[in-house]
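One-letter residues, chain by chain:
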Amino acid sequence: MTPAARVQAAIDLVDAILNAARGQGASADTLARNFFRERRYMGSGDRRAVRDLAWRAVRRFGELPQNGRAALAGLAREDAELAALFDGSSYGPAPLRDDEPVATGGLIPGWIEALLPPLFDDGEKAALLDRAPLDLRYDPSRTDPDALRAIWPDIAFSEALPRAARLPGNTPVEASAPWQAGAIDVQDWGSQAIVQACLGEETPGLVIDLCAGAGGKTLALSAMLPAARIIASDTSRDRLQAMEPRRRRAGPDRIEPLLLDPRREWERLAPFEVQADLVLVDAPCSGSGTWRRNPETRWRLTPERLARVAAEQARLIEIAMRLVRPGGALVYAVCSLLPDEGPRQAARGLCAGKGWTIVPLDMQIGRPIGADGRLCDASDKGIAGRLLTPQHDSTDGFFFTRACRS
Ligand SMILES: C[S@@+](CC[C@H](N)C(=O)[O-])C[C@H]1O[C@@H](n2cnc3c(N)ncnc32)[C@H](O)[C@@H]1O
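The structure presented is a predicted model; accordingly, all values stated were derived computationally and were not measured.

Cut-offs and rules
Residues numbered from 1 in each chain as written. Predicted model: local features only at pLDDT ≥ 70, side-chain atom pairs only at ≥ 80, totals over all residues. Pairing = 2+ DSSP bridges. Helix = DSSP H or I, 4+ residues; strand = E, 2+ residues; numbered from the N terminus. Near = placed C-beta within 6 Å. Nonpolar A, V, L, I, M, F, W, Y, C, P; charged D, E, K, R; others polar. UniProt positions renumbered as here; feature names shortened; annotations may be inferred. Buried ≥ 20, exposed ≤ 12 C-beta atoms within 10 Å, placed from the backbone. Contact = placed C-beta atoms within 7 Å. Axes fitted to C-alpha atoms, helices over the stretch in contact; angles between N-to-C directions. Parallel < 35°, antiparallel > 145°, perpendicular 65-115°, else oblique. Left-handed = near helix turned anticlockwise from the far one by under 90°. Core = buried A, V, L, I, M, F, W, Y, C linked by C-beta atoms within 7 Å. Domains from an automatic or database assignment. Expected span 1.5 Å × (residues − 1). Arc of directions from axis to C-beta.

(A) View of the sheet that holds strand 3 (residues 164-167). Spatially, 2-3-1-4 is the arrangement adopted by the 4 strands of the open sheet, whose pairing is antiparallel. For this open sheet the edge positions go to strand 2 (156-157) and strand 4 (184-186), each flanked by a neighbour on one side alone. Bridge count between strand 2 and strand 3: 2 bridges; the pairing is antiparallel. The residue of strand 3 that forms the bridge with Phe-157 is Ala-165.

Written out as structure tokens, the structure is:
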């Protein structure tokens, strides 16, 4: 393909991503896979260049561009080499006109930017849309840092998290021997920090991972707490089923999947009332902390959707509180940076609960945040939990908190 033809292909791909965002259709990753499958004539270099360009456009504009061409035209305004490729050549885009729509503005939709906590300066905002590295969790009973370093000399290890390693974003780990042996799994360091927050002084006997999904955190909990009985519940049959191949790769465990009926969750959870030593609520959320990986999701969020998801989070916290035994703990987490989903939920739900206390987490990652969305000291009475941000912690954005029941 010529460079101009690659630009036109990126315009077509961004059009597909925009249409799906407007209609809540398939994810950008799925669309890209289908797009390239239908265009077998593209070589791997073409595919990489088209994808990079399309993703550059998706990352660059927070407000939904009018169409793919407007998005690429917006990029071309900042990049003379790209502008020169709008040359009207065959398969390339028509020359740019002064009167055509061009995407403009910042990285984040205005209405979401207004909701971010005060700590979000320009650096923090830009980092939300940076490229993410490839984070791994390794199983120390099957491998160790030296063995991993022998395969990937540029691998890095976290000082804050005991099993966390990091590779450049495009490393093909799935072909590696440690992957095949189930000795490593892909998991953002932020997710690993949440699992770390679940580990208290006492070893829990019964753990309920209320929103287990495809089991990212369930499997990490199972590796850290091999003697615990772990109930992995979710309302999505597909997600629970997606956990199965991951479980097989990771080896024997004590995980029990439990499919819940939406809005009738208690029917299946009632036998565990006041029984759990630990309940993890990794709640459904806006995903505003994961724009590094899924930048198009910020075009899908609306104020109505945010209000709906926040109401669901409050309901899930209430359910989880009924499951914890006196002396047990509840960990609430969202991959969101918006106070309405994080600190305010914790303040409304957990701090307001009689007999519940938020426990400051002593960790080398993240920062304590108050219910008002401002950073605070760990000893602050108004502490709501911990915030991880891409700039400060090199992780996806997360809020999490641990509360104990007396
Ligand atoms: C952030 S994801 C969980 C990710 C998962 N814990 C992991 O580490 O891979 C949120 C999950 O909540 C589930 N969910 C949504 N509503 C729910 C409900 N009412 N009860 C239980 N799970 C629910 C979704 O299906 C989704 O899998």
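(B) Representation of the site of the ligand in the model. Among the 19 residues in the neighbourhood of the ligand, the closest are listed as Cys-211, Gly-213, Gly-216, Ser-236 and Asp-282. Looking at the shell around the ligand, the elements that each hand over two or more residues are helix 11 (216-224) and strand 6 (229-234). Residue composition of the shell around the ligand, by class: 8 nonpolar, 6 polar and 5 charged.

(C) A look at the UniProt feature "binding site: S-adenosyl-L-methionine" (unreviewed entry) in the chain. UniProt's feature table lists "binding site: S-adenosyl-L-methionine" (unreviewed entry) at Asp-234, Asp-261 and Asp-282, given in the numbering used throughout. The class for Asp-234 is buried, based on 24 C-beta atoms found within 10 Å. Within the element layout of this structure, Asp-261 appears in the loop between strand 7 (255-259) and helix 13 (266-269).

(D) View of the UniProt feature "active site" (unreviewed entry) in the chain. In the numbering used here, UniProt assigns the "active site" (unreviewed entry) feature to Cys-335. By secondary structure assignment, the location of Cys-335 is in the loop between strand 9 (324-334) and helix 15 (343-351). Filtering out sequence-adjacent residues up to four positions away, Cys-335 remains in contact with Cys-285, Gly-287, Gly-289, Thr-290, Asp-396, Gly-397 and Phe-398.

(E) Main features of the packing of helix 1 (residues 3-22) against helix 2 (residues 28-37). At a minimum axis separation of 10 Å, helix 1 and helix 2 run at an interaxial angle of 140°. Judged by the inter-axis angle, helix 1 sits oblique to helix 2. Here helix 1 runs over helix 2; the crossing is right-handed. Here helix 1 contributes Leu-13, Ala-16, Ile-17 and Ala-20 to the contact with helix 2, which in turn contributes Ala-28, Leu-31, Ala-32 and Phe-35. Each residue belonging to the contact of helix 1 with helix 2 can be placed in one class, and the counts come to 8 nonpolar, no polar and no charged.

(F) Just the nonpolar core, in detail. Ranked by internal contacts, the top residues of the largest apolar core, which has 70 residues, are Val-279, Val-281, Ala-320, Leu-330, Val-331 and Tyr-332. Each of two domains, domain 2 (134-180) and domain 3 (189-405), supplies a minimum of three residues to this core. Contact partners of Leu-330, with chain neighbours within four places excluded, come to Val-279, Val-281, Ala-320, Met-321, Val-324, Leu-350 and Ala-403. Judged by nonpolar contacts, the second largest core, of 28 residues, contains Val-14, Leu-18, Leu-31 and Phe-61.

(G) Main features of helix 3 (residues 44-60). When the terminal C-alpha atoms of helix 3 are compared, their 24 Å separation across 17 residues agrees well with the 24 Å that a helix rising 1.5 Å per residue should span. Of the positions making up helix 3, those classed as buried are Val-50, Leu-53, Ala-54, Ala-57 and Val-58. For helix 3, the buried positions fall inside an angular range of 140° around the axis, keeping them on one side. Looking at helix 3, the residues exposed on the side facing more than 90 degrees away from the buried face are Ser-44, Gly-45 and Asp-52.

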